[in-house]
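These are the residues of each chain, in order.
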Amino acid sequence: MTPGEHAPDPRGAGTPAEFLARLQALKDWSGLTYRELTARAEEHGDVLPRSTVANMLARPTLPREELLLSFVRACGVAPAALEDWRTVRRDLARRGPHAPAIAPAAPSASPQGSLPDGAGGPLEDPAPSRHIPSVDPGPSRRTMDASVDPVPSRHTPEASGDSVEDSAPRPRPRDPSGDPPEDGAPPRHLPGPSAGPSEDPVPPPSWPGDPGPPGGRPGMSSRIRRALVAAVAVAGLVLAGVSVVAVLRDGGTGPAGQPPRTPAAPTTPSAPGAGDVRIRVAGTEFCLGERRGVRSGQVHQLPCAEAGFPRYSLAAVAAGRWRIVSHHPDFGPGCSGIPSGGRVPDAAYEDSECGDPSRVEVFALEPYGSPVRGHRIVPVGSATPGSCVTVVGDRTAAWARLAQAPCAPDATGQLFTFERAP
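Fair warning: this is a prediction, and the values are worked out from it, not measured in the lab. The residue numbers shown here count from 1 along each chain, following its written sequence. Where local features are concerned, this predicted model is filtered to residues with pLDDT of at least 70; where side-chain atom pairs are given and counted, the filter is 80 or more; whole-chain, interface and lining totals use all residues. Heavy atoms from the whole structure form the basis of all side-chain values; hydrogens and water molecules are not counted.

## Re the overall build of the chain
Alright, step 1. Looking only at helices and strands, the chain has six helices and twelve strands in total.
Alright, step 2. Three labels apply to residues, based on accessible area from a 1.4 Å probe with only protein chains included: buried if under 20% of the type maximum, exposed if over 50%, partly exposed otherwise in between. Burial analysis of the chain (422 residues in total) assigns 38% to the buried set.
Alright, step 3. Within the chain, counting contacts between residues at least 6 apart in sequence, those at least 24 apart form 58% of the total.
Alright, step 4. Using the Shrake-Rupley algorithm and a 1.4 Å probe, accessible areas are obtained, with residue cover drawn only from the displayed protein chains. With an accessible surface of roughly 24,000 Å², the chain has 57% of that area assigned to carbon and sulfur atoms. A run of DSSP states H or I qualifies as a helix once it reaches four residues; a run of E qualifies as a strand once it reaches two. Both are numbered from the N-terminal end. The contact rule is simple, with two residues in contact once any of their heavy atoms fall within 4.5 Å.

Have a look at this one:
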């Protein structure tokens, strides 16, 4: 219940639409979720299914009297005021839906609070049945229509390598006389000690100072040596190219899979995308989740190794706008949100049924830092502007709760990363 405010008075309702608006205001005043209303009704011996309450508040027609009394009792209305709700409902039902509105009844001596903003108009959608893609809705939970943008395909650039020359140009032999041979002209013959004609009129040239083996052709060993040098050079180039390709392919790791000597730069959190996610408190080993067996839906931080209850996914609503969908094994699909339209500054961040008009269920995921360190979860349309979802209390401890709080300049306790669910 909102401190300092009294329960809404039904006697000012002159039409069924105005009566239902006061029922919605009564739920906002109670501050209870659908789960908690169901539990409260059970304490009073009433049966009040969650889906029935959601449908009652969304329809333009008057609820059954039995359902009305169970709902009003669960919201915490005093027994003396319970009869006012019954009387107004009977008067409206007797006049019919098209009868002219009656003048509001005079207020009682007891003070009554004002209605929340936006609670006086009819609800246009009689029974919103929103559908969550790829989720099997539970028997008692409503679904929503969340268009999920497909995740864009990623392109992996192909690695390319430079080809290595398998041969090298060989130096052209020079004539010992110092004159370079003309193109197409046969190499000159150096006369030996003998004055007689040589058996080989055109011997291959040799380098100066290299007489060659006795009795053999001059320059033979020089040509072999030059060929070996060229072959070694080519082999060296090939080995260097293979080493470069291996290093690139291994991602820069050292021998035997050891990490490189130069540490890698810290990775930047990826941008949020539609689909199943694990929501981590940035820079910690904590992830978001609920306590098993608790009806409140309060979201806490807990060790990521123990997280996974419930599962979360992101559903795109519009450009830069998201619903954080919860998949509870006991209560079925739901949405994370802020109750009472965010009017309470430290309102809890909780999971409950989707489609409750009194809750803030759409968020902007704003990147923070350069490079990006994480994303803020900012309620869209909250009655408390400048608010962020925040880890409150001891941020170093497991099971610290999350709530709406003013966005801090340093974003302490307000940054989250959205990792693909394992």
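Now that the structure has been shown, we can carry on.
## A word on the side chain of Ser 30
Alright, step 1. Mapped onto the elements of the fold, Ser 30 is located in helix α1 (residues 16-30).
Alright, step 2. Accessibility expressed as a relative area gives 4% for Ser 30, which makes it buried.
Alright, step 3. Nitrogen and oxygen atoms within 3.5 Å of one another constitute a polar contact, given that in protein one can donate a hydrogen and the other can accept it, and given that sequence-neighbouring residues count only through two side-chain atoms. Among the polar contacts made by the side chain of Ser 30, one reaches the main-chain carbonyl oxygen of Lys 27 at a distance of 2.7 Å.

## Re the nonpolar core
Alright, step 1. Residues enter a nonpolar core if they are buried and are Ala, Val, Leu, Ile, Met, Phe, Trp, Tyr or Cys, with the set joined through side-chain atoms within 4.5 Å. Membership of the largest hydrophobic core comes to 28 residues, with the highest contact counts inside it found for Leu 23, Leu 26, Phe 71 and Val 72.
Alright, step 2. Contributions of two or more residues to this core are made by α1, α2 (34-43), α3 (50-58), α4 (65-75) and α5 (79-95).
Alright, step 3. In terms of residue count, α4 provides more of this core than any other element does, seven residues in total.
Alright, step 4. Formed by 25 residues, the second largest nonpolar core is a distinct cluster that contains Ala 316, Trp 322, Ile 324 and Phe 418.

## What about the state of the cysteines?
Alright, step 1. By definition, disulfides here are pairs of cysteine sulfur atoms that lie within 2.5 Å. Applying the stated criterion across every chain, the model contains three disulfides.
Alright, step 2. Residue pairing for Cys 335: its cysteine sulfur links by disulfide to Cys 354, the two sulfurs lying 2.1 Å apart. Linking Cys 335 and Cys 354, the disulfide has an S-S dihedral of approximately 95 degrees and is accordingly described as right-handed. Highlighted residues: Cys 335 in strand β6 (residues 332-337) and Cys 354 in the loop between β7 (350-352) and β8 (363-368), separated in sequence by 19 residues.
Alright, step 3. Under the relative-accessibility criterion, Cys 335 is labelled buried at 0%.
Alright, step 4. The class of Cys 354 is buried, set by a relative accessible area of 0%.
Alright, step 5. Each sulfur in the disulfide pair Cys 388 and Cys 407 lies 1.9 Å from the other. Linking Cys 388 and Cys 407, the disulfide has an S-S dihedral of approximately 95 degrees and is accordingly described as right-handed. Here Cys 407 lies in the loop between β11 (402-406) and β12 (416-420) and Cys 388 lies in strand β10 (residues 387-391), a separation of 19 residues in the sequence.
Alright, step 6. Residue Cys 388 is classed as buried on the basis of its relative accessible area of 0%.
Alright, step 7. With a relative accessible area of 28%, Cys 407 lands in the partly exposed category.

## Description of the packing of α2 against α4
Alright, step 1. Fitted lines through C-alpha atoms give the axes, limited to the stretch in contact for helices. The angle between two N-to-C directions lies from 0 to 180 degrees. Running from amino to carboxyl end, α2 crosses α4 at an angle of 100 degrees, the nearest separation of the two axes being 8 Å. Between α2 and α4, the interaxial angle falls into the category roughly perpendicular. Contacts between α2 and α4 involve Leu 37, Arg 40 and Ala 41 from the first element and Phe 71, Ala 74 and Cys 75 from the second. Each angle receives one of four descriptions, namely roughly parallel if under 35 degrees, roughly antiparallel if over 145, roughly perpendicular if within 65 to 115, and oblique otherwise.

## Digging into the packing of aromatic side chains
Alright, step 1. Two aromatic rings from Phe, Tyr or Trp, using only the six-membered ring of Trp, form a pair when their centres are within 6.5 Å; if the ring planes differ by under 30 degrees the pair is stacked, by over 60 it is edge-to-face, and anything between is tilted. In total, this model carries two aromatic pairs according to the counting rule given.
Alright, step 2. On the numbers, 5.9 Å between centres and 75 degrees between planes, the contact of Tyr 349 with Phe 363 is edge-to-face. You can see Tyr 349 sitting in the loop between β6 and β7 and its partner Phe 363 sitting in strand β8, a full 14 residues away along the chain.
Alright, step 3. Lysine NZ or arginine CZ positioned within 6 Å of the ring centre and within 35 degrees of the ring normal marks a charge as sitting over the ring. In this structure, Lys 27 packs its charged tip against the face of Tyr 34, placed 4.8 Å from the ring centre.
Alright, step 4. Above the plane of the ring of Trp 399 lies Arg 291, whose end atom (NZ or CZ) is 4.3 Å from the centre.

## Quick look at the pattern of salt bridges
Alright, step 1. Within this document, salt bridges are pairs made up of a side-chain nitrogen of Lys or Arg and a carboxyl oxygen of Asp or Glu, the two lying within 4 Å of each other. The tally for this structure, following the rule as stated, stands at 14 salt bridges.
Alright, step 2. Of the charged contacts in the structure, one is a salt bridge between Lys 27 and Asp 356, with a shortest N-O distance of 2.8 Å. Here Lys 27 is found in helix α1, whereas its partner Asp 356 is found in the loop between β7 and β8, with 329 residues between them in sequence. Of the two residues, Lys 27 and Asp 356, neither departs from the other in class, the shared state being buried.
Alright, step 3. Residues joined by salt bridges that share partners form a network here, namely Glu 65, Glu 83, Arg 86 and Arg 90.

## What to know about the packing of α1 against α5
Angle between the axes and distance between the axes: these two values describe a pair of packed helices.
Alright, step 1. Between α1 and α5, the least distance of the axes is 10 Å, while the angle of their chain directions is 155 degrees. Taken together, the axes of α1 and α5 lie roughly antiparallel to each other. Crossing hand, α1 versus α5: left-handed. For the pair α1 and α5, the contacting residues are Pro 16, Phe 19, Arg 22, Leu 23 and Leu 26 in the first and Trp 85, Val 88, Arg 89 and Leu 92 in the second.
Alright, step 2. Grouping the constituent residues of the contact of α1 with α5 by class yields seven nonpolar, no polar and two charged. By definition, turning the near helix anticlockwise from the far helix through less than a right angle yields a left-handed crossing, and turning it clockwise yields a right-handed one. Three classes are used, and their members are as follows: Ala, Val, Leu, Ile, Met, Phe, Trp, Tyr, Cys and Pro are nonpolar, Asp, Glu, Lys and Arg are charged, and the others, Gly among them, are polar.

## As for α2
Alright, step 1. Within α2, the full set of buried residues consists of Tyr 34, Arg 35, Leu 37, Thr 38, Ala 39 and Ala 41.
Alright, step 2. Looking at the buried positions of α2, the neighbouring elements they touch are α1, α3, α4, β5 (321-328) and β7.
Alright, step 3. Positive backbone phi, at 80 degrees, marks Gly 45, one or two positions downstream of α2.

## Looking at unusual backbone geometry
Alright, step 1. Cis geometry marks the peptide bond from Ser 370 to Pro 371; its omega dihedral reads 0 degrees.
Alright, step 2. Turning to its location among the elements, Pro 371 is positioned in the loop between β8 and β9 (374-379).
Alright, step 3. A positive phi is found at Ser 340, a non-glycine position, where the angle reads about 55 degrees.
Alright, step 4. Take Ser 340: it is sitting in the loop between β6 and β7.
Alright, step 5. Positive phi, normally seen in glycine, also occurs at Trp 399, with a value near 70 degrees.
Alright, step 6. The partly exposed category is assigned to Trp 399, whose relative accessible area is 27%.

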